[in-house]
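Here's the letter readout for the chains.
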Amino acid sequence: MGRAFVYVILGGGVSAGYAALEFVRRGVSHGELCIISNESVAPYERPALSKGYLLPEGVELVLGTGVKSADVKRKTLLTTTGETISYKFLIIATGARALKLEEFGVNGSDAENVCYLRDISDANRLVNAIQSSPGGNAVVIGGGYIGMECAASLVINKINVTMVFPEAHCMARLLTPKIASYYEEYYKSRGVKFIKGTVLSSFDFDSNGKVTDVTLRDGTKLSVDMVVVGIGIRPNTGLFEGQLTLEKGGIKVNGMFQSSNSSVYAIGDVAAFPVKAFGEKRRLEHVDSARKSAKHAVSSIMEPDKTGEFDYIPFFYSRVFTLSWQFYGDNAGEVVYYGDLSASGSTFGAYWVNKGHVVGAFLEGGTREEYEAIAKTTTLRPAVEDLTELERQGLGFAVAV
Ligand code: FDA
Ligand code: NAD
C-alpha cells in the first residue's frame with residue numbers, strides 16, 4: 001500500500017502548520033501536499049495551546065499516524081499503519097519531545113498528577129490536575145520557560161507553588177542573575193517558593209499510584225497534590241540519524257533550510273540553521289523561528305532562484321502575570337543594564353555588547369514602539385565604544401537608532 005506526493009511535511013506542529021499555509025498561499029494542487037502527524041488534531045498554535053488550528057484547505061492530512069522509519073535515498077516514509085508515503089520534497093518538522101524524569105533516574109512520569117506540557121493532550125491533563133487540586137500544593141520541577149509560565153498559571157489558579165531547579169537562578173539559559181532575580185522577587189511576592197541548586201530525588205505514591213510526596217536530593221521532602229515537569233527538550237531527529245548530517249542536537253541545514261540531502265528540508269525546533277549575524281549555526285526552540293523558517297523553506301523549494309539565504313535575528317518572549325518581556329539577538333558579551341530593576345511593575349532592560357557592537361537586547365514592560373526599537377538595534381548592531389554612555393542613554397539609545 002502506498003501513496004505519492006510532491007511535498008510531504010513530517011510533523012503536525014507549529015512549523016508544519018505555517019509551512020502548509022505558505023504552500024497553499026503560493027498555490028498547490030489537490031493531492032500534491034500531505035502532512036503526516038502523530039497528533040490526532042491538525043496543526044495548532046502551541047504557545048497558546050489554543051485549539052486555533054492552522055489547517056489550510058486542500059491538504060492531505062494523515063493524522064494520528066506516526067512515521068516509524070524514513071529512507072531518504074528512496075524518498076519514502078513508512079507509517080505506523082504500514083503505509084509507504086513517497087515524496088519529491090520532504091520537510092522535517094518533527095519538533096522536539098519533552099525530556100522525561102526517567103532520563104534523570106527518577107520514576108513516576110506516568111502518575112496521573114505528574115504533568116508535562118508539550119501538546120494538547122498534555123495541556124488537558126494539566127487542566128484536570130489543576131481542577132482536582134483546589135487550594136492544593138504543586139511542585140514545579142525546572143526553572144526554564146515551562147516552569148516559569150506554569151508556576152504563574154498555577155498561582156493564578158490558587159495553587160501553592162514551590163519551584164525546584166538545579167541552577168542558582170531561573171531562566172539560566174537566557175537571563176543574567178540580576179534580571180532573573182527581578183522575576184524571582186516578583187514570583188515570591190505572588191507566593192511562589194524557590195528551592196534552588198538541587199534536583200528531584202524520588203516520589204512517594206499512594207495506593208492509587210498518585211504522587212503524595214517529593215523528595216529532593218538535598219533531603220527536603222514536600223507533600224504535593226500535583227507535580228509539573230519542564231526540564232528541557234530533545235529534538236526528534238531519531239528517524240534520520242545516520243542518514244542526514246546532525247549538528248547542535250538537530251538536523252543541520254543551510255540558509256535555504258536544505259539538509260545534507262538536497263530533497264530534504266528541516267524547520268522549527270529540529271533544525272540547526274546558520275544565523276548570519278552570529279556566524280554560526282543555532283537551533284532555536286521558539287515560535288517565531290518556527291514560523292519564519294517554515295515560510296523560508298517553502299519559498300526555497302518552490303522558488304529557489306528567487307530565495308536568498310535566511311537572514312534572521314533570534315526573537316524570544318514571554319508573558320506571565322502582568323509581566324511581559326521580549327529579547328532579540330544574542331546574550332553574549334558584556335551586559336549593560338538600564339531602568340529600575342528593583343521595583344516591581346517597572347520598565348527595565350539590558351543590552352549585550354560583544355566585540356564593540358550591541359548584539360542582544362532585553363526589555364521588560366516596553367511599549368510596541370520600544371520593542372520595535374530594540375529589535376531594530378539588534379538587527380543593525382551599532383558600534384558602542386563607551387558602555388557608561390550606553391548605560392546613561394538606556395532605552396533612549398535603542399529608540400534613537
Ligand atoms: P512542534 O513540537 O510544534 O511540532 C512537532 C510535530 O511533529 C508534532 O505535531 C509531533 O507530534 C510531530 N511528530 C514528531 N515526530 C513524529 C513522527 N515520527 N511521526 C509523525 N509526527 C511526528 N515559543 C515562543 O517563542 N513563545 C512562547 O510563548 C512559547 N510558548 C510555548 C508554550 C508551550 C506549552 C510549548 C510546549 C512551547 C512553547 N513555545 C513558545 C515553543 C514553540 O511552541 C516551539 O518552538 C514550536 O512549537 C516549534 O515548532 P515545531 O513545528 O518545530 O515543533
Ligand atoms: P528549558 O530548556 O527552558 O528549561 C529547562 C530547565 O530544566 C532548566 O532551566 C533547568 O532549571 C531545568 N533542569 C534541567 N535539568 C534538570 C534536572 N535534572 N532536574 C530538575 N530540573 C532540571 O525547557 P522547558 O522549560 O522544559 O521548555 C521546553 C521547551 O518549550 C523549550 O524549548 C522552550 O523554549 C519552549 N517554551 C518556550 C516558551 C517561550 O518562548 N515563552 C514557553 C514555553 C515553552
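Just so you know, these numbers come straight off a predicted model, no measurement behind them. (Residues numbered from 1 in each chain as written. Chains lettered and ligands numbered in written order. Predicted model: local features only at pLDDT ≥ 70, side-chain atom pairs only at ≥ 80, totals over all residues. Heavy atoms only, no water.)

Turning our eyes to something else, we now look at the nonpolar core. Looking at soluble globular proteins, one finds that nonpolar side chains tend to be buried together. Of all hydrophobic cores here, the largest spans 111 residues; its most connected members are I9, M163, I179, Y183, Y187 and M226. The dominant element in this core, judged by the number of residues it contributes, is helix α3 (residues 145-156), at seven residues. In contact with Y183, not counting residues within four places along its chain, are M148, L175, L323, W325, F348, F362 and E364. Core analysis: the next-biggest nonpolar cluster, separate from the first, contains 19 residues, V106, V114, V139 and V214 among them. (Core = buried A, V, L, I, M, F, W, Y, C linked by side-chain atoms within 4.5 Å. Buried < 20%, exposed > 50% of the residue type's maximum accessible area, 1.4 Å probe, protein only. Helix = DSSP H or I, 4+ residues; strand = E, 2+ residues; numbered from the N terminus. Contact = heavy atoms within 4.5 Å.)

Here the focus is the sheet that holds strand β14 (residues 200-205). If you walk across this open sheet you meet the three strands as β14-β15-β16, and the pairing is antiparallel. The outermost strands of the open sheet, each flanked by one partner alone, are β14 and β16 (221-223). On average, adjacent strands in this sheet sit at an angle of 20° to one another, irrespective of strand direction. Looking at chain direction, β14 and strand β15 (residues 211-216) are connected through five bridges and run antiparallel. Bridge pairing links S202 to T215 in β15. (Pairing = 2+ DSSP bridges. Axes fitted to C-alpha atoms, helices over the stretch in contact; angles between N-to-C directions.)

With respect to the helices, strands and loops of the structure, T237 is situated in the loop between β18 (233-235) and β19 (246-247). A relative accessible area of 5% means that T237 is categorised as buried. A polar atom in the side chain of T237 sits 2.7 Å from the side chain of E241. Beyond its immediate stretch of four places on either side in the chain, T237 contacts L246, G249, G250, I251 and V270. (Polar contact = N/O pair within 3.5 Å; in protein donor to acceptor, adjacent residues only side chain to side chain.)

The end-to-end C-alpha separation of helix α5 (residues 287-302) is 23 Å, in line with the 22 Å expected for 16 residues at 1.5 Å each. Burial runs high along α5: 12 of the 16 residues are buried. Among all positions in α5, only V287, D288, S289, A290, S293, A294, H296, A297, V298, S299, S300 and I301 are buried. On its buried side, α5 packs onto β2 (7-10), α1 (14-26), β8 (89-92), β21 (264-266), β22 (271-275) and β24 (315-320). (Expected span 1.5 Å × (residues − 1).)

Next up on the list: the environment of V336. Assignment of secondary structure puts V336 in strand β26 (residues 334-339). V336 sits in the buried class, given a relative accessible area of 5%. Distance from V336 to S133, taken between C-alpha atoms, is 43 Å for residues 203 residues apart in sequence. Among all residues touching V336, those that are not within four sequence positions of it are G349, A350, Y351, V353, L387, L390 and E391.

A few words now on the environment of E60. Of note, E60 is situated in strand β4 (residues 60-62). Relative accessible area serves as the criterion here: at 32%, E60 is assigned to the partly exposed category. Counting along the chain gives 163 residues from E60 to S223, while the straight-line C-alpha distance between them is 48 Å. The residues contacting E60, other than those within four sequence positions of it, are R3, F5, L33, C34 and I35. A polar contact of 2.9 Å, which involves the side chain of E60, links it to the side chain of R3.

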